[in-house]
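For reference, the chains in residue letters:
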Amino acid sequence: MAVRLFPSALRAASMAALVGCALIRPHQFKLLNQASREVTAVRVEFGDAVLNKDRLGVGEAISFSPATDTDGGVVLSYEFDGQRVEHQLGYVAPPVATVCDIRIVGRNVDGGCR
């Protein structure tokens, strides 16, 4: 007996394949300094991956694709006006890719992780 797939079944199979591809895309972290002055001692913890940067000037951006296969938090910390600031941004649970788009606005941040 032959199996016939109807157009709706083909669409569903195609969508399942696309969703599966989202699981294997790389993690991404983007950070933009929109504060009124530079921030220093910038540290991003992304699962077991860490990025350190001495300074991030006004309007300056950084991005990286952390290679992590360990569950863990996404934490951003930096110094602004002589005070240490820390934000818990999300959680990494591989193999699902986490994408973060964060903007520093003084002691606060805008954006998030998904």
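Notes on the structure follow. Since the structure is predicted, the reported quantities are computational estimates derived from the model, not experimental observations.

Here we take up the overall build of the chain. The helix and strand inventory of the chain stands at one helix and eight strands. Walking the chain from its N terminus toward its C terminus, one meets helices and strands in the order α-β-β-β-β-β-β-β-β. Burial status across the chain gives 30% buried among its 114 residues. Counting only contacts in the chain whose residues sit at least 6 apart along the sequence, the fraction spanning at least 24 positions is 53%. Accessible surface, the chain: about 7,100 Å² in total, of which carbon and sulfur atoms supply 55%.

Attention now moves to the sheet that holds strand S3 (residues 49–56). An order of S3-S2-S5-S6 is seen for the four strands of this open sheet, with the pairing classed as antiparallel. In this open sheet, the two edge strands, each paired with only one partner strand, are S3 and strand S6 (83–92). Mean inter-strand twist for the sheet, computed between neighbouring axes without regard to direction, equals 10°. Note that strand S2 (residues 39–46) and strand S5 (residues 72–80) share five bridges and pair antiparallel.

Criteria and thresholds
Residues numbered from 1 in each chain as written. Predicted model: local features only at pLDDT ≥ 70, side-chain atom pairs only at ≥ 80, totals over all residues. Heavy atoms only, no water. Helix = DSSP H or I, 4+ residues; strand = E, 2+ residues; numbered from the N terminus. Buried < 20%, exposed > 50% of the residue type's maximum accessible area, 1.4 Å probe, protein only. Contact = heavy atoms within 4.5 Å. Areas by Shrake-Rupley, 256 points an atom, 1.4 Å probe, with all protein chains shown as cover. Pairing = 2+ DSSP bridges. Axes fitted to C-alpha atoms, helices over the stretch in contact; angles between N-to-C directions.

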